[in-house]
There are 2 protein chains.
Amino acid sequence: MSPKITGELLRLLRQTMRNCKYFSEPIHAYIVPSGDAHQSEYIAPCDCRREYICGFNGSAGTAIITEQHAAMWTDGRYFLQASQQMDSNWTLMKMGLKETPSQEDWLISVLPENSKVGVDPWIIAADQWKNMSKALTSAGHSLVAVPDNLIDAVWTDRPERPSTQLRTLGLEYTGISWQDKITKLRAKMTERKISWFVATALDEIAWLFNLRGADINYNPVFFAYAIVGMNSIRLFVDLKRLSDPVVRDHLQLDSPSLPELSIQTFPYESVYTELQAICAALGPRDKVWICDKASCALTQAIPKVHRSPIPYTPLCLAKAVKNVTEIKGMKMAHIKDAVALCELFAWLEKEIPQGNVTEISAADKAEELRSQQADFVGLSFPTISSVGPNGAIIHYRPLPETNRTLTVNEVYLIDSGAQYIDGTTDVTRTMHFGTPSAFEKECFTYVLKGHIAVSAAIFPNGTKGHLLDSFARAALWESGLDYLHGTGHGVGCFLNVHEGPCGISYKTFADEPLEPGMIVSDEPGYYEDGSFGIRIENVVLVVPAKPKYNYRNRGSLTFEPLTLVPIQVKMMNTELLTQKEKDWVNEYHRRCREVVGAELERQGRMEALQWLIRETQPIM
Amino acid sequence: MSPKITGELLRLLRQTMRNCKYFSEPIHAYIVPSGDAHQSEYIAPCDCRREYICGFNGSAGTAIITEQHAAMWTDGRYFLQASQQMDSNWTLMKMGLKETPSQEDWLISVLPENSKVGVDPWIIAADQWKNMSKALTSAGHSLVAVPDNLIDAVWTDRPERPSTQLRTLGLEYTGISWQDKITKLRAKMTERKISWFVATALDEIAWLFNLRGADINYNPVFFAYAIVGMNSIRLFVDLKRLSDPVVRDHLQLDSPSLPELSIQTFPYESVYTELQAICAALGPRDKVWICDKASCALTQAIPKVHRSPIPYTPLCLAKAVKNVTEIKGMKMAHIKDAVALCELFAWLEKEIPQGNVTEISAADKAEELRSQQADFVGLSFPTISSVGPNGAIIHYRPLPETNRTLTVNEVYLIDSGAQYIDGTTDVTRTMHFGTPSAFEKECFTYVLKGHIAVSAAIFPNGTKGHLLDSFARAALWESGLDYLHGTGHGVGCFLNVHEGPCGISYKTFADEPLEPGMIVSDEPGYYEDGSFGIRIENVVLVVPAKPKYNYRNRGSLTFEPLTLVPIQVKMMNTELLTQKEKDWVNEYHRRCREVVGAELERQGRMEALQWLIRETQPIM
């Protein structure tokens, strides 16, 4: 991986910073967050501004350019990757390390007195704007909204915003009509005395209307905004997309059943002026809900007295709790996904000794096998297919220049997933096709113990996911090891593979308590820089548990694994496992064999079936 | 326990709310927090305003009185106690339960439009004022500062503010002079470009000046404020207290060595005007540090442009990390404390079968035995001495009307501690002097497993205490049980038994990472309402750990128990313990026997020594 050469680009950008038409004085620093106007994690090529300016293409990172400096903040998943993708014009700021300054502190330390710091108000979230603005102001500087994006100004060949075909989802996939979702949303609004709700997150809008798109790679979403009032539904989207009669019928655009369920459509770009118009007509006590992670631009379009910011929206929470239909779909998607992975691993076992499988070809094979499954739409994120030292790059993605050949001498880590119409998958397995070293097995076993500790945990109703994070680390910690990423994230149903508002992380954020129907990942790991990476990831469903007692009638919860792919026994040092942990492995493998075995048989994939049977032998 | 009759009091208070001289309209609601002007947890009798108005005397709780309603919010430790101490005029608001409204939500639901909510600005913390004011304002009400406390207005026999003799502590106890503490504080201020620091917490002021008082029961503190600038130290205290030549000499009041280490003294009451004067003379860039938990009154005396609020002060953090001298003192204090408790338990074992030991007499005996130890000053909190059902009242304190006799049929829980000049202790043991039931043993063993899981945990440097909380609960959760309080709190050194900024709790707050030298409690429990209570509490010291590996050179930490009192083996169901847990118990008991045994022998307390030897037999 060679770094992007950014000297000339930075020179051009600094020129635009000095000569911005909206300000008489130069902009001393310009902040380039990684998101789009919807604060999406994955973004369309036209929105990859941070990557364009610095070369680093990971999913999280913020670049800041001053007259003298250029620095980029990212987290532990990306330290290695970022250092390889950025040239010497850039300073990598390793978030989470004690010695790394925050963006605010760094700016304050490098800026001359009374500096102007610019940012695109559509790209920065309202809460981030607020924190940054406060810190800068208290140090005598100011944060200013620059109407035109300065990266776009120097990006001559910037791609167009996508506008892909919309796909409608019927009740057999969603379990609930968009009309009923609107009604439930309005009930929440009534309960909290809210007049209007502004939806800005693309997955929430797709979920609300039971529509999917393909505007962003891996995420079946489409560029849109929605504003819902008690008697009004306004959808902002490229209007060309609504000419499809199937979509028109689904949304009842031509013949709404009830006036309050009639959707008014507007061009995507008109959301700002339309929201301003709505706000101009508000009564003195009217309140507008908007997520505090929505863009600063849209948030500030709502006058402060009417604005009611929330850490996550009612759609976000409703979407997180899957209904019976969605759970059935997610289970089916995971069985199909397991079929593809069993085939992949059986194939790898045969092919690796021939020496002609690479990280890229293994990833391609995985995609090919998945694409043979019913209702396959695409991948849910770029496959992490990594061998040996590449495995230690947490969010590695094989490129021709880094591509390694799989051998019987190195640990192989594959983190992959797919979008099926009935559900989204995300699974990581770490395998050795020869003889793993004692240290590799030891680390794998600690990671497995952490995985099991979370998966088998029983905890009271009302428990937040972050309280489970340490369970995943205890075995590693005991040996002085750890991993620098969270343990789990919410997973959408034929939606984004990462979604809120729940998760399992040492970072405490405003997560909601776990409740039955929520689906999260359980993915502890261990990464030995320059040597190997280990991660064991299942997607798990929150289900009620029935322990011996029921303190204060609170009820208990636990997890049911949806992912049903064998965990390689060869990598385990079974002497380090307790009897309970061995029982968990055996019961898990029994279910893999029973459920996925039946499907493999039905699909006539006998070689993979043989592999599954061999890999699910009980351990003693 | 009979409730306080509050009908007439409430009538009088509502009359003052209607006729407050500072406002033309009535005050519709009046908030009575539990603290004093220093936001102390334990308070002097003159500050027990919340107790005076509602009868509930637990350490945490807020009362709110409106024209029609009177409600009191407290947490799970106090649900039973509060319901017993308050009469039917009061509604108990059980914090932490889903159905319990927040104070803000409740006020908004009961108040008529455009209401005035009053509070004493000296008693409410600045951050609480801010949150409450924001919530009320957004609902069309207003929060107003009422200069005279309205409880004091109806409290005819209110006690005087105490002004006890000051005690000076030499380097043999503190390890560092107050002059060096000031110098270190100023270094932090320089680092953060801060001109002034306002100290309002009584324990921070006592720690800073190496002085102790006895103004508040159990807490060796004295009423004072301090304001420190780069060339100025101002101490606000009842000036009579400074006539003692020992104190004058300690503070070098008459012959300061260096001008910048010269202390100016002012009357306690003049802090507000003096702070105003300091602020009036500030330069445009001068910043003043004040804790965001300081009183609203004092915080607002600092103009907003100069105010730099912090979640905890540099003194709070410095005080939390004990130096070598303090650690030595804390260890000695815990050995003496263990001597007293071994004697107590040996005595109880003999006396209980005679039927003449009660909760109160057992607590008195514990105090008597502690008072025989060197450098004993007093108790560090009211002893919780509770039998059977009283044990389920988490912060129970025996009163004549609730006093039960200890028998061989019920579980006995004693949570007690003392102030010695060399350190502060806090220990809970749960014992059965007959034959415990299988369920009592089962619950005790789960609590023990949780206690060990925290105490033996190894975790990376930089870990915050709240990440360890679930370790204490995992065994209980697995059986559907839990406890409704945190797992641990910081412990002062001859200072408050509860101190920040670290702790172990499911409540995530702005806690600082644990570091070597910090001292916290480890006290999981289980409470079966109407039947029994179990808690196992040690005070533990954060120490470096040396596990097999050292990931990224971060280093690891663990805990060393300072408390060395046997944990009753009779209460354990050893079948539920793993070998590792049994090893921990045996090693802990070996240390108790070795360290406390030697001291018992030195003091010639042979009966207690016999008891200790018997209670520390290894389990198999």
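Small disclaimer: the values here were computed from a predicted structure and weren't measured. (Residues numbered from 1 in each chain as written. Chains lettered and ligands numbered in written order. Predicted model: local features only at pLDDT ≥ 70, side-chain atom pairs only at ≥ 80, totals over all residues. Heavy atoms only, no water.)

## A few points about the overall build of chain A
Turning to step 1, where the next piece is worked out: Scanning chain A from N- to C-terminus turns up 19 helices and 28 strands.
Turning to step 2, where the next piece is worked out: For 620 residues, the compact-globule estimate of 2.2 N^0.38 gives 25 Å, and the C-alpha radius of gyration of chain A, at 25 Å, lies within 12% of that figure.
Turning to step 3, where the next piece is worked out: In terms of overall dimensions, chain A has a C-alpha envelope of 70 × 60 × 50 Å along the principal axes.
Turning to step 4, where the next piece is worked out: With 620 residues in all, chain A has 61% of them scored as buried.
Turning to step 5, where the next piece is worked out: The contacts in chain A between residues at least 6 apart in sequence include a share of 71% that link residues at least 24 apart. (Helix = DSSP H or I, 4+ residues; strand = E, 2+ residues; numbered from the N terminus. Rg over C-alpha atoms; globule rule 2.2 N^0.38 Å. Buried < 20%, exposed > 50% of the residue type's maximum accessible area, 1.4 Å probe, protein only. Contact = heavy atoms within 4.5 Å.)

## Some points on the relation of the copies chain B and chain A
Turning to step 1, where the next piece is worked out: Least-squares fitting of chain B to chain A yields an RMSD of 0.0 Å, with the transformation described by 0.1 Å of translation along the axis and a rotation of 180°. Here the transformation between the copies is reduced to the relation of a two-fold axis.
Turning to step 2, where the next piece is worked out: The share of interface residues of chain B whose copies in chain A are also at the interface is 100%, consistent with both copies meeting through the same surface. (Least-squares fit on C-alpha atoms with pLDDT ≥ 70 in both.)

## Some points on the pattern of salt bridges
Residue and element names in this part refer to chain A.
Turning to step 1, where the next piece is worked out: Taken as a whole, this structure holds 75 salt bridges over all chains when the rule is applied.
Turning to step 2, where the next piece is worked out: As a salt-bridge pair, R49 and D152 come within 2.7 Å of each other at their nearest N and O atoms. Placement of R49 in helix α2 (residues 49–54) and of D152 in helix α6 (residues 150–154) is noted, with a sequence separation of 103 residues between them.
Turning to step 3, where the next piece is worked out: For D152, a relative accessible area of 23% puts it in the partly exposed group.
Turning to step 4, where the next piece is worked out: When salt bridges that share partners are traced, they join D47, R49, D152, R158 and R161 into one network. (Salt bridge = Lys/Arg side-chain N within 4 Å of Asp/Glu carboxyl O.)

## Observations regarding the sheet that holds strand β17 (residues 411–416) of chain A
All names here are of chain A.
Turning to step 1, where the next piece is worked out: Read from one edge to the other, the open sheet built from 3 strands follows the order β16-β17-β20, with strand pairing classed as antiparallel. Among the strands making up the open sheet, the edge pair consists of β16 (384–387) and β20 (427–432). Taking the axes of each pair of neighbouring strands and ignoring which way they run, one obtains an average angle of 10° across the sheet.
Turning to step 2, where the next piece is worked out: Relative to β17, β16 is paired through 4 bridges, and the arrangement is antiparallel. When the bridges of β17 are listed, S386 appears paired with L413. (Pairing = 2+ DSSP bridges. Axes fitted to C-alpha atoms, helices over the stretch in contact; angles between N-to-C directions.)

## Re a positive patch on the surface
Turning to step 1, where the next piece is worked out: A surface patch of like charges, here positive, comprises K130, K134 and K304 of chain A together with K130, K134 and K304 of chain B.
Turning to step 2, where the next piece is worked out: Those elements giving two or more residues to the positive patch turn out to be α5 (126–138) of chain A together with α5 (126–138) of chain B.
Turning to step 3, where the next piece is worked out: Position of K304 of chain A among the secondary structure elements: in the loop between α12 (296–300) and β14 (307–310). (Patch = residues over 30% accessible without salt bridge, like charges linked within 9 Å, V, L, I, M, F, W, Y side chains within 5 Å. Areas by Shrake-Rupley, 256 points an atom, 1.4 Å probe, with all protein chains shown as cover. Lys, Arg positive; Asp, Glu negative; His and termini not counted. Charge placed at Lys NZ, Arg CZ, Asp CG, Glu CD.)

## Things to note about the packing of helix α16 (residues 438–455) of chain A against helix α17 (residues 469–478) of chain A
Packed helix pairs are characterised by how far apart their axes lie and by the angle those axes make with each other.
Residues and elements named next belong to chain A.
Turning to step 1, where the next piece is worked out: Closest axis-to-axis distance for the α16/α17 pair is 7 Å, and the angle between their directions is 155°. Judged by the inter-axis angle, α16 sits roughly antiparallel to α17. Where α16 crosses over α17, the handedness of that crossing is right-handed. Of the residues in α17, those in contact with Y446, V447, K449, G450, A453 and V454 of α16 are F471, A472, A475 and L476. (Parallel < 35°, antiparallel > 145°, perpendicular 65-115°, else oblique. Left-handed = near helix turned anticlockwise from the far one by under 90°.)

## Here we look at the nonpolar core
For soluble globular proteins, the rule of thumb is that nonpolar side chains tend to be buried together.
Turning to step 1, where the next piece is worked out: Residues F345, L348 and F559 of chain A together with F345, L348 and F559 of chain B are the most contacted members of the largest nonpolar core, which totals 154 residues.
Turning to step 2, where the next piece is worked out: F345 of chain B has contacts with I414, R429, M431, F433, V565 and W611 of chain B, leaving out every residue within four places of it along the chain. (Core = buried A, V, L, I, M, F, W, Y, C linked by side-chain atoms within 4.5 Å.)

## Some remarks on the interface of chain B and chain A
Turning to step 1, where the next piece is worked out: Counting residues at the interface gives 39 residues for chain B, matched by 39 residues for chain A.
Turning to step 2, where the next piece is worked out: Of the roughly 3,600 Å² buried where chain B meets chain A, counting both sides, 52% is carbon and sulfur surface.
Turning to step 3, where the next piece is worked out: Contact with chain A buries area across many residues of chain B, yet W477, Y549 and Y551 of chain B alone supply 20% of it, more than any other trio.
Turning to step 4, where the next piece is worked out: Taken together, the connections running from chain B to chain A amount to 10 salt bridges. (Buried area = accessible area lost by both parts, 1.4 Å probe.)

## Thoughts on the packing of helix α14 (residues 324–351) of chain B against helix α19 (residues 606–615) of chain B
Residue and element names in this part refer to chain B.
Turning to step 1, where the next piece is worked out: Where α14 meets α19, the closest approach of the two axes is 8 Å, and the angle between their N-to-C directions is 90°. Classified by the angle between their axes, α14 and α19 sit roughly perpendicular to one another. Two secondary-structure elements touch here, α14 through C342, E343, F345, A346, E349 and K350 and α19 through E607, A608, W611, L612, R614 and E615.

## Things to note about the pairing of strand β24 (residues 519–522) of chain A
Two faces, one strand: in a regular strand the side chains alternate between the faces of the sheet.
Residue and element names in this part refer to chain A.
Turning to step 1, where the next piece is worked out: Taking every second residue as pointing to the same face, both faces of β24 are buried, with I519 and S521 on one and V520 and D522 on the other.
Turning to step 2, where the next piece is worked out: Relative to strand β27 (residues 538–545), β24 runs antiparallel, the two being bridged by 4 bridges. Note that in β27 the partner of V520 across the bridge is V540.

## Observations concerning the side chain of R535 of chain B
Residue and element names in this part refer to chain B.
Turning to step 1, where the next piece is worked out: Tracing the chain through its elements places R535 in strand β26 (residues 532–535).
Turning to step 2, where the next piece is worked out: What makes R535 buried here is its relative accessible area of 1%.
Turning to step 3, where the next piece is worked out: A distance of 2.7 Å separates a polar atom in the side chain of R535 from a polar atom in the side chain of D415.
Turning to step 4, where the next piece is worked out: Polar side-chain contacts of R535 include one of 2.7 Å to the side chain of Y527.
Turning to step 5, where the next piece is worked out: Residues within four places of R535 in sequence aside, it is in contact with I384, I394, L413, D415, T428, R429, T430, H485, E523, P524, G525 and Y527. (Polar contact = N/O pair within 3.5 Å; in protein donor to acceptor, adjacent residues only side chain to side chain.)

## Quick word on the environment of V228 of chain B
Residues and elements named next belong to chain B.
Turning to step 1, where the next piece is worked out: Mapped onto the elements of the fold, V228 is located in strand β10 (residues 224–229).
Turning to step 2, where the next piece is worked out: Measuring from C-alpha to C-alpha, the distance between V228 and R605 comes to 49 Å, with 377 residues separating the pair along the chain.
Turning to step 3, where the next piece is worked out: The residues touching V228, leaving out its near neighbours within four places in the chain, are I182, L185, R186, M189, S195, W196, F197, L208 and I233.

## Comments concerning the UniProt feature "domain: Peptidase M24 C-terminal" (unreviewed entry) in chain A
Turning to step 1, where the next piece is worked out: Under the local residue numbering, the UniProt record ascribes the feature "domain: Peptidase M24 C-terminal" (unreviewed entry) to residues 557–619 of chain A.
Turning to step 2, where the next piece is worked out: Between the C-alpha atoms that bound residues 557–619 of chain A the distance is 27 Å, and the span itself is 54% helix and 8% strand. (UniProt positions renumbered as here; feature names shortened; annotations may be inferred.)

## What about the sheet that holds strand β5 (residues 116–119) of chain A?
Residue and element names in this part refer to chain A.
Turning to step 1, where the next piece is worked out: Judged by pairing direction, the sheet is mixed, and its 6 strands sit side by side in the order β4-β3-β2-β1-β5-β6 without closing on themselves. The open sheet has two edge strands, β4 (91–94) and β6 (142–145), and neither has a second partner. Across the sheet, the mean angle from the axis of one strand to that of its neighbour is 25°, orientation sign disregarded.
Turning to step 2, where the next piece is worked out: Taken together, the 4 bridges between strand β3 (residues 70–74) and β4 define a ladder with parallel strand orientation. For W73, the partnering residue across the bridge sits in β4 and is M93.
Turning to step 3, where the next piece is worked out: Each of β1 (29–32), β2 (62–66) and β3 touches helix α1 (residues 7–18); the most contacted strand, β2, lies at about 70° to it.
Turning to step 4, where the next piece is worked out: In this fold helix α4 (residues 103–110) packs onto β1, β2, β3, β4 and β5, with an angle of close to 10° to the strand it touches most, β2.

## Here's the deal with the domain arrangement of chain A
Residues and elements named next belong to chain A.
Turning to step 1, where the next piece is worked out: Segmentation of chain A into domains returns domain 1 (6–154), domain 2 (167–319) and domain 3 (321–615).
Turning to step 2, where the next piece is worked out: Distance between the C-alpha centres of domain 2 and domain 3: 34 Å.
Turning to step 3, where the next piece is worked out: Taken residue by residue, the interface counts 22 residues in domain 2 and 26 residues in domain 3.
Turning to step 4, where the next piece is worked out: Both sides together, the interface formed by domain 2 and domain 3 hides about 2,000 Å², and carbon and sulfur atoms give 56% of it. (Domains from an automatic or database assignment.)

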